[in-house]
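# Summary of structural features
Residue-level listing of the chains:
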Amino acid sequence: MAVIAMTREMGSLGRDVAAALAEQMGLTVVHHELVEHHLAEKLGVQESTVHRYLEGEASLLERWKIDKQKLSRFTAEEILELAQKGKVIIRGWGATGVLRHIPHVLRVRVCADMGFRERVMTQRLGLEAAGARREIDRSDAAHAAIVRSFFGVDWQNPLIYHLVLNSGSVPIETCVTIVRFLAERPEFQ
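Let me sum up the structure you'll find in this document.

How each quantity is defined
- Residues numbered from 1 in each chain as written.
- Predicted model: local features only at pLDDT ≥ 70, side-chain atom pairs only at ≥ 80, totals over all residues.
- Heavy atoms only, no water.
- Salt bridge = Lys/Arg side-chain N within 4 Å of Asp/Glu carboxyl O.
- Helix = DSSP H or I, 4+ residues; strand = E, 2+ residues; numbered from the N terminus.
- Buried < 20%, exposed > 50% of the residue type's maximum accessible area, 1.4 Å probe, protein only.
- Pairing = 2+ DSSP bridges.
- Axes fitted to C-alpha atoms, helices over the stretch in contact; angles between N-to-C directions.
- Contact = heavy atoms within 4.5 Å.
- Expected span 1.5 Å × (residues − 1).
- Arc of directions from axis to C-beta.

### A short note on the pattern of salt bridges
- Going through the model one piece at a time under the given rule, you end up with 12 salt bridges.
- A salt bridge links Glu 77 to Arg 73; the shortest N-O distance between them is 3.6 Å. Of this pair, Glu 77 and Arg 73 both sit in helix H5 (residues 68-85), 4 residues apart, which is roughly one turn of that helix.
- Overall, the relative accessible area of 43% leaves Arg 73 in the partly exposed class.
- Each member of the salt-bridge network shares a partner with another, and the members are Glu 9, Arg 109, Arg 117 and Asp 140.

Below, the structure written as C-alpha cells:
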C-alpha cells in the first residue's frame, strides 16, 4: 500500500517521474484538478478561484473570498483521505508537510538547476528564457508561501524528505528506479 508524497519544481520533469512511477507500480497520481474541485465545493467558491489562490494569482476580491484557515484545514483533510486509501502519489498540495509525521509515507522531492528548468519551460511553453524564468520564479514563490502559511514547512528544505532527486543530472528512468526501490521497502508499506 504505497503512499508517496512528491514535491516537484516547475520544469524539473517531476510530473514525468510521477507518471512513470505510477505506471510501473500501479499507483494513482493525484492531480490538482481533483483537489481543487473538492476544496472549491467545501469553500463554496469557484474552482478557478481556488486554483488562482493556490498559484498566487488571485485577485484581491478572490483572496478576500477565501477563508485561509478553512482552506488549510480542508486541504489537509483531503490529503489525509487520499493517503488513507493508499496506492497513490500525491504531487504537491503540501502533502509532504501534512504527511511528514507518518513514517511509512515516502516523501520525495524532484528538483533541478535553474538552467535546466528554464530550458524545459522554454520548450514546453514556447517562451523566451526570461519569460520562462519569471514563470518559474512566480510558481516557486507561490508554492513556498502556501506551504509555509498552511503547514509551517519550507518545501525546499531537504530534511523533510526521504529522498531528493536532481532530475537535471539523473535521468527520469533512474529517478523512477530509485523511488520505486524505496517505495517497495517494508518500512514504506
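### Observations concerning the sheet that holds strand S3 (residues 88-91)
- Strand order in the open sheet formed by 5 strands is S2-S3-S1-S4-S5, with parallel pairing between adjacent strands. In this open sheet, the two strands that pair with only one neighbour each are strand S2 (28-30) and strand S5 (163-166). Put simply, the sheet's adjacent strands are angled 20 degrees from each other on average, direction ignored.
- Across 3 bridges, the pairing between S2 and S3 is parallel. Residue Thr 28 lies in a different strand from S3, and its bridge partner there is Val 88.
- Helix H9 (residues 172-183) rests against strand S1 (3-8), strand S4 (106-111) and S5 of the sheet, and its axis sits at about 170 degrees to S5.

### Side note on helix H1 (residues 14-25)
- The end-to-end C-alpha separation of H1 is 16 Å, in line with the 16 Å expected for 12 residues at 1.5 Å each.
- Among all positions in H1, only Gly 14, Val 17, Ala 18, Leu 21, Ala 22 and Met 25 are buried. Along H1, the residues classed as buried sweep out an arc of 125 degrees about the axis, all on the same side.

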